[in-house]
Amino acid sequence: MLAAVAISLAAPLPILTSDVAAAEATDPLQATVETYLVKNSGVTLGDCPTVGDVGSRCATIAVPKDWQNPGKGDLQVAIAYLRSDDPNAQLLTTNPGGPGVAGRYLTEQLSWTKPQLAQQYDLLGFDPRGYGASTRVRCLTTTAKYNKLPKVADRRVRNKATHKVEVAEAKLFGEACGGDPNARYINTQQAVWDLDFLRQLMAQYAGKTYDQLNYVGYSYGTWLGAWYADTFPSRVGKFILDSNMDWTSSMYANQTLDPKAFQRRRDKMLFPYLARHHSEFGLGKSASAVKKKYEATRKKLAAQAKKDLKKSKTPAIGPEDLDYTVSAYIELDSGVEPAGAVIEAAVYLAKHPSSSKARKTVAKRVKGPMTGAPFSVQRSAKAVSGSAQKDISVGLAGAIVRCNDSVNSRNLTALLKRADADAKKYPFLGYLNTIPQCAYWKYKPQTRTIDLAGVSNKILMFQGEGDPATAYEGARTAHRRTAGTTVLVSVDNEGQHGLYIDGPSKCVDSLGDKFLFTGWKPTTDSTCTTGPLPFEKKVYPLAGPVSGASSTVKTAVKAKNSAVKAVRAEVAKRALS
């Protein structure tokens, strides 16, 4: 079916304009929408510039930098569109999270696991403004300023030196990312207006009436989806919000939930798993023994990093690198094994810090977010070819959305005090909950309060009990504040970030399919069971915030969609940036 669609759309096709349906009385931007529908009339959908066999057709669409002030110029938004053979198909789009992760091909990639998506819906993928193949924001600084950043071996050690590093990095972020002239326009509200414009543009292209948008959003994608629903309540079709932020609160309020959630996932799920597989990892036969080994290793890495820094050397792997890498892996159930391998490699390196074999072992096993520097801004830096500049965009550019979406405190004393307390209470990652990079952000946020008033179709929420990146408590708060509009499906004893489609719970997949592909409308909250972790035959209980029945599932769900796994891994790498 996908091949047939690709053949039928082989030649570039123009996006044509036609009369626009009457706008909602609450939408003051429709005149600008109509202008940009005409402006994009000559754009064609052609081959997608990507490696891989995608059936979608791609284009780059002009949108105003500022929908409220279109005279400020344009940005480009990259899209991918796959039309169904069903003439009655409605439009469905997705967002993978971040913010800052490209999602142009995700909608089609999800259909590789779930072919009914491409049969029943016209599929739209897009890279949000600021990222991917859309107009990108960059955070550039001079090499001299970058090199002057102070360093400490371990920010879990809370003292004046640590505070100095955190303040300096926050200042540099604010200056470098705020220096991009487009930075002030990279926010969720502008992306919401982009998305609704794309709904109307694709309706005209298809010769259809996409009265509503259908949507599957993950992580930050739940924030974007909730903002869209709150902005355009009558245009909400079938919405799935998976692994939810508390989109009724601020970005900083969400950040404050992270230390507890990551600590729970590591101590209550990862460490017991590694203990059950002591024969493979050799880290201890109990969770407490594994924790003791982890902390002892981390302490040795910190001591070695301190020595290296005194010699102006970059540590092979610092204590923060260990924490950061493990935290990224454990967002996925498939990551618990490589997380164990990372810890095992770190143990070996701590015992043999000068061994070339140990360094090779680390290089082989430590993949993903590692770059060899134990500092958040430095971790993301790249040299700009032919220039005395550093690009700190990778992993940090997503913070631009966070700064532009929410009011952020500039009380450094209070922020540092909070970080000190979190580092003590949640030592795994609490020390990263420090001065938000937004403390030095110069642009006024374009925030909104989400209550989903006027949304008539129920929104379906999926949330894992032990999700480290979007805490269950935050999702529960968002649901309670919008209980008349949202239905929450909690997944007992599950900690993966990203559940629906190629996830670990057959129950979630079944409910999601029923919601998207039939006339079923969810009305009551429920609890799902899940499958075992890799190489295990049963689900082990998590003493967490969900009080559902213990899972009796004894079959692991084997994720097969490598493209979706890669996107989720990319989200995980950027989640703490």
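Quick look at the structure, then. (Residues numbered from 1 in each chain as written. Predicted model: local features only at pLDDT ≥ 70, side-chain atom pairs only at ≥ 80, totals over all residues. Heavy atoms only, no water.)

1. A look at the overall build of the protein
- Tallying secondary structure elements over the protein gives 21 helices and 14 strands in all.
- Relative to the 2.2 N^0.38 estimate, which gives 25 Å for 577 residues, the radius of gyration of the protein is 24 Å and therefore close to what a compact globule would have.
- Summarising its shape, the C-alpha atoms of the protein cover approximately 70 × 55 × 45 Å along the three principal directions.
- Considering the protein as a whole, with its 577 residues, one finds that 59% of them fall into the buried category.
- Considering only contacts within the protein whose residues lie at least 6 apart along the sequence, 75% involve residues at least 24 apart.
- Carbon and sulfur atoms make up 53% of the accessible area of the protein, which totals about 22600 Å².
- Side chains of the protein give 77 positive and 52 negative charges; the mean places of these two sets differ by 10 Å. (Helix = DSSP H or I, 4+ residues; strand = E, 2+ residues; numbered from the N terminus. Rg over C-alpha atoms; globule rule 2.2 N^0.38 Å. Buried < 20%, exposed > 50% of the residue type's maximum accessible area, 1.4 Å probe, protein only. Contact = heavy atoms within 4.5 Å. Areas by Shrake-Rupley, 256 points an atom, 1.4 Å probe, with all protein chains shown as cover. Lys, Arg positive; Asp, Glu negative; His and termini not counted. Charge placed at Lys NZ, Arg CZ, Asp CG, Glu CD.)

2. Observations concerning the packing of aromatic side chains
- Under the definition given, this model contains 13 aromatic pairs.
- Seen from their ring centres, Trp67 and Phe197 are 5.5 Å apart, and the 50 degrees between their planes marks the pair as tilted. Taken together, the positions of Trp67 in the loop between strand E3 (57-64) and strand E4 (74-82) and Phe197 in helix H7 (residues 188-206) put the pair 130 residues apart, joining distant regions of the chain. Each of the two residues, Trp67 as well as Phe197, counts as buried.
- An aromatic cluster is built from Tyr215, Tyr228, Phe232 and Phe239, whose rings are joined through pairwise contacts.
- In this arrangement the basic side chain of Arg276 is found over the ring face of Tyr540, its NZ or CZ atom lying 3.6 Å from the centre.
- In this arrangement the basic side chain of Arg568 is found over the ring face of Tyr218, its NZ or CZ atom lying 5.1 Å from the centre. (Phe/Tyr/Trp six-rings, centres within 6.5 Å; stacked < 30°, edge-to-face > 60°. Lys NZ or Arg CZ within 6 Å of the ring centre and 35° of its normal.)

3. Describing the sheet that holds strand E7 (residues 140-142)
- Spatially, E7-E11-E10 is the arrangement adopted by the three strands of the open sheet, whose pairing is antiparallel. Among the strands making up the open sheet, the edge pair consists of E7 and strand E10 (382-383).
- Bridge count for E7 against strand E11 (residues 389-391) is three bridges, and the pairing is antiparallel. Looking at E11, one finds that Thr141 is bridged to Lys390. (Pairing = 2+ DSSP bridges.)

4. Description of the pairing of strand E8 (residues 213-219)
- Counting buried positions along E8 gives seven out of seven residues, so the element sits mostly inside the fold.
- Sheet topology note: the strand E5 (residues 90-95)/E8 ladder contains four bridges and is parallel. Looking at the pairing, Asn95 lines up with Gly217 of E8.
- Bridge count between E8 and strand E9 (residues 236-244): six bridges; the pairing is parallel. What sits directly across from Tyr218, in E9, is Asp242.

5. Thoughts on the state of the cysteines
- Considering all chains together, one arrives at four disulfides under this definition.
- For Cys48, the disulfide goes to Cys58, at an S-S distance of 2.0 Å. Across the S-S bond linking Cys48 and Cys58, the dihedral sits near 95 degrees, which makes this disulfide right-handed. With a gap of ten residues between them, Cys48 in the loop between strand E2 (44-45) and E3 and Cys58 in strand E3 connect regions that are remote in the sequence. Like Cys58, Cys48 is buried.
- Taken in sequence order, the bonded cysteines of the protein link in the pattern 1-2, 3-4, 5-6, 7-8. (Disulfide = S-S within 2.5 Å.)

6. Digging into the packing of H7 against helix H8 (residues 220-231)
- The contact between H7 and H8 brings their axes to 9 Å, and the two run at 70 degrees. One way to sum up the angle between H7 and H8 is to call them roughly perpendicular. Crossing of H7 over H8 shows right-handed handedness. Residues Thr188, Gln189, Ala191, Val192, Trp193, Leu195, Asp196 and Arg199 of H7 lie in contact with H8, whose contacting residues are Tyr220, Trp223, Leu224, Trp227, Tyr228 and Thr231.
- The residue makeup of the contact of H7 with H8, split by class, is nine nonpolar, three polar and two charged. (Axes fitted to C-alpha atoms, helices over the stretch in contact; angles between N-to-C directions. Parallel < 35°, antiparallel > 145°, perpendicular 65-115°, else oblique. Left-handed = near helix turned anticlockwise from the far one by under 90°. Nonpolar A, V, L, I, M, F, W, Y, C, P; charged D, E, K, R; others polar.)

7. Side note on helix H10 (residues 258-276)
- Taking 1.5 Å per residue as the helical rise, H10 with its 19 residues ought to reach 27 Å, and the 26 Å between its terminal C-alpha atoms agrees with that figure.
- Of all bends in H10, the biggest is about 30 degrees, found at Leu270, and the proline Pro272 comes one to four residues later.
- In terms of residue burial, H10 counts as a mostly covered element, since 16 of its 19 residues are buried. (Expected span 1.5 Å × (residues − 1). Bend = angle between axes of the 7 residues up to and from the residue.)

8. Observations concerning the pattern of salt bridges
- A complete count under the given rule lists 28 salt bridges for this structure.
- When the shortest N-O distance is used, the salt bridge between Lys145 and Glu175 registers 2.9 Å. Placement of Lys145 in helix H5 (residues 143-147) and of Glu175 in helix H6 (residues 160-178) is noted, with a sequence separation of 30 residues between them.
- On the accessibility criterion, Lys145 (40% relative accessible area) is partly exposed.
- The shortest N-O distance in the salt bridge between Glu320 and Arg155 comes to 3.2 Å. You can see Glu320 sitting in helix H13 (residues 319-329) and its partner Arg155 sitting in the loop between H5 and H6, a full 165 residues away along the chain.
- What makes Glu320 buried here is its relative accessible area of 2%.
- Among the residues examined, Arg155 registers a relative accessible area of 4% and is labelled buried.
- In this structure, a network of salt bridges that share partners links the residues Arg156, Arg266, Asp267, Lys291 and Glu295. (Salt bridge = Lys/Arg side-chain N within 4 Å of Asp/Glu carboxyl O.)

9. Observations concerning the nonpolar core
- Ile61, Ile79, Phe197, Leu198, Trp247, Ile400 and Trp441 are the most contacted members of the largest nonpolar core, which has 77 residues in total.
- Setting aside its immediate chain neighbours within four residues, Ile400 contacts Tyr131, Val137, Cys139, Phe173, Cys177, Ala183, Ile186 and Trp441.
- One finds Val290, Val336, Val342 and Leu533 within the second-largest nonpolar core, a separate group that totals 31 residues. (Core = buried A, V, L, I, M, F, W, Y, C linked by side-chain atoms within 4.5 Å.)

10. Focus on empty space enclosed by the protein
- In this structure the tally under the stated criterion is seven cavities of 30 Å³ or more.
- Of the pockets and cavities examined, the second largest cavity occupies roughly 90 Å³.
- The wall of the second largest cavity is formed by Leu301, Gln304, Ala305, Asp308, Pro315, Ala316, Ile317, Leu349, Ala350, Pro353 and Arg359.
- Counting only elements with at least two residues in the lining of the second largest cavity, the list comes to helix H12 (287-310) and helix H14 (336-351). (1 Å grid on protein atoms, 1.4 Å probe; cavity = no way out; pocket = protein on both sides within 12 Å on 5 of 7 lines; lining within 4 Å. Points joined across faces, edges and corners; volume = space filled by probe spheres on them.)

So far we have only geometry, and geometry alone does not tell us how the molecule works.
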